[in-house]
Amino acid sequence: MERLARWFEEKERVLVMGVLNLTPDSFYDGGRYITAQEAVERALKMIDEGADIIDIGGESSRPGARSVSVDEELARVIPVVEQISRRSDAMISVDTTKSAVAQAAIAHGAAIINDISALRFDPNMGKVVAQGGAYLVLMHMQGTPETMQQDPEYTDVVAEIKSFLQERIHSAISTGIDRERLVVDPGIGFGKRLPHNLSVLRRLAELKELGVPILIGLSRKSFLGEILDLPTSERLVGTIAANAIAIVNGADIIRVHDVKEGRWTADVAVRLRCDAT
Ligand code: PT1
């Protein structure tokens, strides 16, 4: 819990969030269910490789993904949260839009709720996060995961994301969440075509004006596949290149599948910011 708090004092560090998917249909490492024990081992390895945060997801949000029931998501996520928090002091984040999952996760040791709907899908989410004293990631998405890639359109993508996030920050604060506990995320690949994703990464400085830390999740996403004409398994170098630029442009937290490479990218790129000492 203390580590994100320290971000506010010591800004010359980028946090690395390692992705732990508990879904059988993840876009990169999916394809089968992993057991709780395998998931915990994977998390401990990511922590050893330099992850500051483990982001645990029990429902896929990739384009076209199907939703899962509360009971199924609880059964996948909670045992893993509980065991990781028992065996490590890394921060635990839970990628969920459901307040029941968030509440149980916080009770079992999660410090961050990563809500890709930014409090829009479950009316109780704000209250649960406020009462639990957790951090909250507010992410931008046009549409829903099922429909978001059908025909995303913007007049000015960065201005629209910025005003959406500003409104969601005010909404979160009005439910009782401290401003100091908020993180924003422009939602790379969530209702955005290639030029939209590129504009966001080029113009991240405009989102810095919101005054809260910025999380970027671009690891192995399809915009890299479009540029490189390569499948997810071959997108690591593109991921590193784009994360380095995102960090130079102001990203504070990067969400990655490949933690060792993400850690090295972060530690070099943060030193190459114009205002680095
Ligand atoms: C993200 C994110 C997330 N991404 C946050 N949480 C995913 N805060 C899940 C593609 O275009 O960026 N930020 N949780 C994964 N979602 C996607 C979206 C995966 C798009 C792949 C694509 O390939």
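Residues numbered from 1 in each chain as written. Predicted model: local features only at pLDDT ≥ 70, side-chain atom pairs only at ≥ 80, totals over all residues. Heavy atoms only, no water.

Caption draft 1: Inspection of the nonpolar core at higher detail. With 69 residues, the main nonpolar core has L20, I56, I84, V94, I113, L136 and I216 as its most contacted residues. For this core, the element with the most residues is helix α6 (residues 157–174), which contributes seven residues. Listed in part, the 11 residues of the second largest apolar core include M91, A111, V137 and V183. (Core = buried A, V, L, I, M, F, W, Y, C linked by side-chain atoms within 4.5 Å. Buried < 20%, exposed > 50% of the residue type's maximum accessible area, 1.4 Å probe, protein only. Helix = DSSP H or I, 4+ residues; strand = E, 2+ residues; numbered from the N terminus.)

Caption draft 2: Focus on the sheet that holds strand β2 (residues 53–57). The strand order across the open sheet formed by eight strands is β6-β5-β4-β3-β2-β1-β8-β7, and the pairing between neighbours is parallel. Here the strands that pair on one side only, and so sit at the sheet edges, are β6 (182–185) and β7 (215–216). Relative to β2, strand β1 (residues 15–21) runs parallel, the two being bridged by five bridges. Each bridged residue has a counterpart across the sheet, and for V19 the counterpart in β2 is D55. Sheet strands touched by helix α11 (residues 259–269): β1 and β8 (253–256). Its angle to β1, the strand with the most contacts, is close to 165 degrees. (Pairing = 2+ DSSP bridges. Contact = heavy atoms within 4.5 Å. Axes fitted to C-alpha atoms, helices over the stretch in contact; angles between N-to-C directions.)

Caption draft 3: Structural view of the site of the ligand. The ligand sits among 17 residues. The nearest are D95, N114, D185, K221 and S222. For the ligand, whose unbound accessible area comes to 500 Å², protein coverage reaches 95%. A class-by-class count of the residues in the shell around the ligand yields seven nonpolar, five polar and five charged. (Near = heavy atom within 4 Å. Areas by Shrake-Rupley, 256 points an atom, 1.4 Å probe, with all protein chains shown as cover. Nonpolar A, V, L, I, M, F, W, Y, C, P; charged D, E, K, R; others polar.)

Caption draft 4: A look at the pattern of salt bridges. Taken as a whole, this structure holds 17 salt bridges when the rule is applied. Salt-bridge contacts for E209 lead to K162; the nearest nitrogen and oxygen are separated by 2.4 Å. Highlighted residues: E209 in the loop between α8 (204–208) and β7 and K162 in helix α6, separated in sequence by 47 residues. Judged by its relative accessible area of 58%, E209 is exposed. With a relative accessible area of 24%, K162 lands in the partly exposed category. What you see here is one network of salt bridges that share partners, running through R13, D52, R263 and D267. (Salt bridge = Lys/Arg side-chain N within 4 Å of Asp/Glu carboxyl O.)

Caption draft 5: Structural view of α11. Looking at α11, one finds that the buried residues are V259, G262, R263, T265, A266 and A269. Axial view of α11: buried residues confined to an arc of 165 degrees, hence all on one face. Looking at α11, the residues exposed on the side facing more than 90 degrees away from the buried face are W264 and V268. Elements that come into contact with the buried residues of α11 comprise β1, α2 (36–48), α10 (236–248) and β8. (Arc of directions from axis to C-beta.)

Caption draft 6: Quick look at helix α4 (residues 99–107). Listing the buried residues of α4 in full gives S99, V101, A102, A104, A105 and I106. Packed against the buried residues of α4 are α3 (70–87), β3 (91–95), β4 (112–115) and α5 (125–132). Within two residues after α4, G109 carries a phi angle of roughly 120 degrees, on the positive side.

Caption draft 7: Structural detail: the packing of aromatic side chains. Considering all chains together, one arrives at zero aromatic pairs under this definition. Across the ring face of Y135, the terminal group of R181 is positioned such that the distance to the ring centre comes to 4.7 Å. (Phe/Tyr/Trp six-rings, centres within 6.5 Å; stacked < 30°, edge-to-face > 60°. Lys NZ or Arg CZ within 6 Å of the ring centre and 35° of its normal.)

Caption draft 8: Region of interest: the pairing of β1. The element β1 is extensively covered by neighbouring structure, given that seven of its seven residues are classed as buried. Here β1 shows a buried face lined by L15, M17, V19 and N21 and a second buried face lined by V16, G18 and L20.

Caption draft 9: View of unusual backbone geometry. In the Ramachandran plot, L119 falls in the positive-phi region, its phi being about 75 degrees despite a non-glycine side chain. Within the secondary structure, L119 is located in the loop between β4 and α5. Although it is not a glycine, D229 adopts a positive phi angle of roughly 55 degrees.

Caption draft 10: Region of interest: the pairing of β8. Across the two faces of β8 the burial is the same, with I253 and R255 and I254 and V256 all buried. Pairing of β1 with β8 involves four bridges; the strand directions are parallel. The residue of β8 that forms the bridge with M17 is R255.

From the geometry alone we can't say anything about function, so treat these as descriptive.
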